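# An overview of the molecular structure
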Amino acid sequence: AIDVVQIKKLKATVKRFRTVRTRVAKRLKTYRGIIPQRSNDAEGEIGYVLRFFPETFEIGRKIVKDLKVRGVVCEMEGPEARPNWHLASEMYPVILKKGATDPSCSYHCPHYLEAGGQVEYKRGDCPVAEDLYKRVVTISLNQWYTAQECRDLAEIVNEVFSEHCREK
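Before going into details, it helps to say that this report is about the structure given with it. (Residues numbered from 1 in each chain as written. Predicted model: local features only at pLDDT ≥ 70, side-chain atom pairs only at ≥ 80, totals over all residues. Heavy atoms only, no water.)

## Let's talk about the overall build of the chain
Check the secondary structure of the chain and you find six helices and six strands. Per-residue burial over the chain gives 32% buried out of 168 residues. Restricting the contact set of the chain to residue pairs at least 6 apart, pairs at least 24 apart contribute 72%. Carbon and sulfur atoms form 56% of the exposed surface of the chain, whose accessible area is close to 11,400 Å². (Helix = DSSP H or I, 4+ residues; strand = E, 2+ residues; numbered from the N terminus. Buried < 20%, exposed > 50% of the residue type's maximum accessible area, 1.4 Å probe, protein only. Contact = heavy atoms within 4.5 Å. Areas by Shrake-Rupley, 256 points an atom, 1.4 Å probe, with all protein chains shown as cover.)

Encoded structure:
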């Protein structure tokens, strides 16, 4: 019953997030040394974050530190990050072949068996994806930001990016 009520709110929630994302994104400048994440399906995203790929971990760390000092909610995993299930090589139920509650979980399904049961993932199998995931700077957005708060956030991001990267 709770889910039914929440699902009814989803369309308005997504609209607010997308409005915030658009307001902030359209005010951002472009810089050498950090690239915004490209969306291949903006209508398929909720829009609760903005993501940027700095050229190096060092630049990313400085940007995150300076954004946080200015009150922006953001993060970057970094190369020393704890294991994270978003990466195939760190998705322990898959790599250990044990489900969270049932040890035989899905490893007896026809698709897995058709692959010969030899599906393996290890760190380094997807080096580009692993690098991008650990290096991405993620800025959280709030669906309730006002137009002025969106302008303020964009101004802060531009200020910090310009301290560490060159404007194009």
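## Comments concerning the packing of helix H1 (residues 2-25) against helix H6 (residues 147-164)
For any two helices packed against each other, one specifies the crossing angle of their axes together with the interaxial distance. Between H1 and H6, the least distance of the axes is 8 Å, while the angle of their chain directions is 45°. Between H1 and H6, the angle falls in the class oblique. The crossing of H1 and H6 is right-handed. Across from Val20, Arg23 and Val24 in H1, the residues of H6 making contact are Ala147, Cys150, Leu153 and Ala154. The residue inventory of the contact of H1 with H6, partitioned by class, reads six nonpolar, no polar and one charged. (Axes fitted to C-alpha atoms, helices over the stretch in contact; angles between N-to-C directions. Parallel < 35°, antiparallel > 145°, perpendicular 65-115°, else oblique. Left-handed = near helix turned anticlockwise from the far one by under 90°. Nonpolar A, V, L, I, M, F, W, Y, C, P; charged D, E, K, R; others polar.)

## Observations regarding the packing of helix H2 (residues 57-69) against H6
Where H2 contacts H6, the two axes come as close as 10 Å, and the packing angle between them is 145°. As H2 runs across H6, the sense of the crossing is right-handed. Side by side, H2 and H6 meet where Ile59, Lys62, Ile63, Asp66 and Leu67 of the first sit next to Ile156, Val157, Val160, Phe161, Glu163 and His164 of the second. Looking at the contact of H2 with H6 residue by residue, the class counts come to seven nonpolar, one polar and three charged.

## Let's talk about the environment of Tyr31
Tracing the backbone shows Tyr31 in strand S1 (residues 31-32). Of note is the side chain of Tyr31, whose polar atom sits 3.0 Å from the backbone oxygen of Asn158. (Polar contact = N/O pair within 3.5 Å; in protein donor to acceptor, adjacent residues only side chain to side chain.)

## Observations regarding the pattern of salt bridges
What the rule picks out here adds up to eight salt bridges. With its nearest N and O atoms 3.1 Å apart, the salt bridge here joins Glu43 to Arg18. Remark: Arg18 occurs in helix H1 and Glu43 occurs in the loop between strand S2 (34-36) and strand S3 (49-54); sequence separation between them is 25 residues. The exposure class of Glu43 is exposed, given its relative accessible area of 59%. A salt bridge links Asp131 to Arg135, with the shortest nitrogen-to-oxygen separation between them at 2.5 Å. Within this pair, Asp131 and its partner Arg135 are both found in helix H5 (residues 127-135), separated by four residues, close to a single helical turn. Overall, Asp131 belongs to the partly exposed group, its relative accessible area being 30%. (Salt bridge = Lys/Arg side-chain N within 4 Å of Asp/Glu carboxyl O.)

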